[in-house]
Amino acid sequence: PMNVVRSFSTKSDGFRRYNQVTDERAGAKGGIKRQLLGVESTSSTLFPHRSATSSLSVNNWNVMIVDDSLINQRLLKSRFVESRVFAPAKWRVICVSTGEEAVRELKHSGGFHLITMDKNLESAGGSLDGWETTVAIRAIERHNQLKPAIIIGATSHTSTRDVSEATRAGQNLVWCKPYPTAQ
């Protein structure tokens, strides 16, 4: 089961706060759930380490953006740090351009709450793509007994095969690119 962003509802500050996602496990039971960028959900798919009804604090999260595009890094970081939605939560956000840098940061930091992971990282010169990096991150989390991060994949390809690959890699959600821009 994988959550895939299909549409957005835009709020007045230009930040697309709520994503509507399809939860394939929900099937006829509703199928579409609202979530705040993968943060509010009753889906155990997004939060395998939490019960379906537990509350989740989003304050003071450590967030890593993995994207080979400096423009995408700046866009996401500004949304997470400066927007009216996330600024009060005081997220600490770092940006890296390759899978290898992401793995190093995970080992150095001791864990992240949220990771956004671009699929294609080749322009930054790394040898791992985003899905391979996700597999490495999940292995490190298991080995070091770290709480699993919420990993959101980002790709312009959302075929069933691409989504299945993201699921097998260990991602919780897939965003369709391009990222929404302020309007």
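In this text, all values refer to a predicted model and were calculated from it rather than measured experimentally. Each residue is numbered by its place in its chain's sequence as written, counting from 1. Local features in this predicted model are restricted to residues whose pLDDT is 70 or higher, and side-chain atom pairs enter the listing and the counts only when it is 80 or higher, whereas totals over whole chains, interfaces and linings include all residues. Side-chain calculation: all heavy atoms of the structure are included, whereas hydrogens and water are not.

Student: Quick question: what am I supposed to make of the overall build of the protein here?
Tutor: Looking only at helices and strands, the protein features four helices and eight strands. Under the scheme used here, helices are H or I runs from DSSP no shorter than 4 residues and strands are E runs no shorter than 2 residues, and both carry numbers assigned from the N terminus. Ordered by position from the N terminus, the helices and strands of the protein form the series β-β-β-β-α-β-α-β-α-β-α-β. Exposure classes here rest on a 1.4 Å probe applied to the protein chains alone. A residue is buried below 20% of its type maximum, exposed above 50%, and partly exposed in between. For the protein, the proportion of its 183 residues judged to be buried stands at 45%. When contacts within the protein are restricted to residue pairs at least 6 apart in sequence, those whose partners lie at least 24 apart make up 57%. Should any heavy atoms of two residues lie within 4.5 Å, those residues are considered in contact.

Student: Could you clarify how one ought to interpret the confidence of the model for the protein in this entry?
Tutor: Low-pLDDT portions of the prediction should not be read for the details of their coordinates. Per-residue confidence from the predictor is given as pLDDT, running between 0 and 100. Per-residue confidence for the protein averages 75 on the pLDDT scale, and 67% of its residues sit at or above 70. Within the protein, the lowest mean pLDDT, 32, falls on strand E3 (residues 32-36), and the highest, 97, falls on strand E4 (residues 62-66). In this model residues 1-54 is a low-confidence stretch, pLDDT under 50, and it forms 136 contacts with partners more than four residues away in sequence or in other chains.

Student: For this particular structure, what's the right way to read helix H3 (residues 130-143)?
Tutor: Every α-helix winds through 3.6 residues per turn, so residues three or four apart in the chain are directed the same way. The length a helix should cover is 1.5 Å for every residue beyond the first. Taking 1.5 Å per residue as the helical rise, H3 with its 14 residues ought to reach 20 Å, and the 20 Å between its terminal C-alpha atoms agrees with that figure. Inspection of H3 places Gly 130, Trp 131, Thr 133, Thr 134, Ile 137, Arg 138, Ile 140 and Glu 141 among the buried residues, and these make up the whole buried set. Of the surrounding secondary structure, the elements contacted by the buried residues of H3 are helix H2 (99-109), strand E6 (114-118), strand E7 (150-155) and helix H4 (160-169). N or O atoms within 3.5 Å of each other form a polar contact, as long as, within protein, one can give a hydrogen and the other can take it, and as long as residues adjacent in sequence are counted only when both atoms are side-chain atoms. Regarding H3, its N-cap is Asp 129, as a side-chain oxygen of that residue lies 2.9 Å from the backbone nitrogen of Trp 131 further along.

Student: Is there a simple way to think about the nonpolar core in this case?
Tutor: A general feature of soluble globular proteins is that nonpolar side chains tend to end up buried together. Here, nonpolar core means buried Ala, Val, Leu, Ile, Met, Phe, Trp, Tyr and Cys residues that are tied together by side-chain atoms lying within 4.5 Å of each other. Counting residues in hydrophobic clusters, the biggest one holds 17 residues, and the most contacted among them are Val 63, Phe 80, Trp 91, Leu 114 and Trp 175. Dropping the residues within four chain positions of it, Val 63 is found in contact with Phe 80, Trp 91, Arg 92, Val 93, Ile 94, Phe 112 and Leu 114. In terms of nonpolar packing, the next biggest core, distinct from the first, is built from 14 residues, Met 64, Val 96, Ile 115 and Ile 140 among them.

Student: How should I be thinking about the pairing of E4 in this particular structure?
Tutor: The side chains of a regular strand alternate, residue by residue, between the two faces of the sheet. Counting buried positions along E4 yields four of five residues, so the element is predominantly enclosed. Two strands qualify as a pair provided DSSP detects at least 2 bridges between them. Inspection of the sheet shows E4 paired to strand E5 (residues 92-96) by five bridges, in the parallel sense. Note that in E5 the partner of Val 63 across the bridge is Val 93. For a crossover, the right-handed case is the one in which the path from the first strand over the helix to the second runs clockwise, viewed with the strands pointing away from the viewer. A crossover links E4 with its parallel partner E5, the connecting element being helix H1 (residues 70-82), and its sense is right-handed. Summarising the sheet, E4 and E6 pair through four bridges and their orientation is parallel. Following the sheet pairing, Val 63 is matched in E6 by Leu 114.

Student: So what exactly am I meant to see when it comes to the side chain of Asp 162 here?
Tutor: Examined against the element boundaries, Asp 162 turns out to sit in helix H4. One polar contact links Asp 162 to Ser 159, side chain to side chain, over a distance of 3.0 Å. When sequence neighbours within four positions are dropped, the list of residues in contact with Asp 162 reads Trp 131 and His 157.

Student: Got a minute to help me understand the packing of H2 against H3 in this structure?
Tutor: The relative placement of two packed helices comes down to the angle between their axes together with the axis-to-axis distance. Every axis corresponds to a line fitted to the C-alpha atoms, with the helix fit spanning only the stretch in contact, and the corresponding angles, defined between N-to-C directions, vary from 0 to 180 degrees. Taken N-terminus to C-terminus, the directions of H2 and H3 make an angle of 15°; their axes are 9 Å apart at the nearest point. With respect to H3, the axis of H2 lies roughly parallel. In this structure, the crossing between H2 and H3 has a hand that is right-handed. Of H3, the residues touching H2 (which contributes Gly 99, Ala 102, Val 103, Leu 106 and Lys 107) are Thr 133, Ala 136, Ile 137 and Ile 140. By definition in this entry, angles of less than 35 degrees are roughly parallel, angles greater than 145 are roughly antiparallel, angles of 65 to 115 are roughly perpendicular, and the rest are oblique. Working rule for handedness: look at the near helix, and if it is turned counterclockwise from the far one by less than a right angle, call the crossing left-handed; if clockwise, right-handed.

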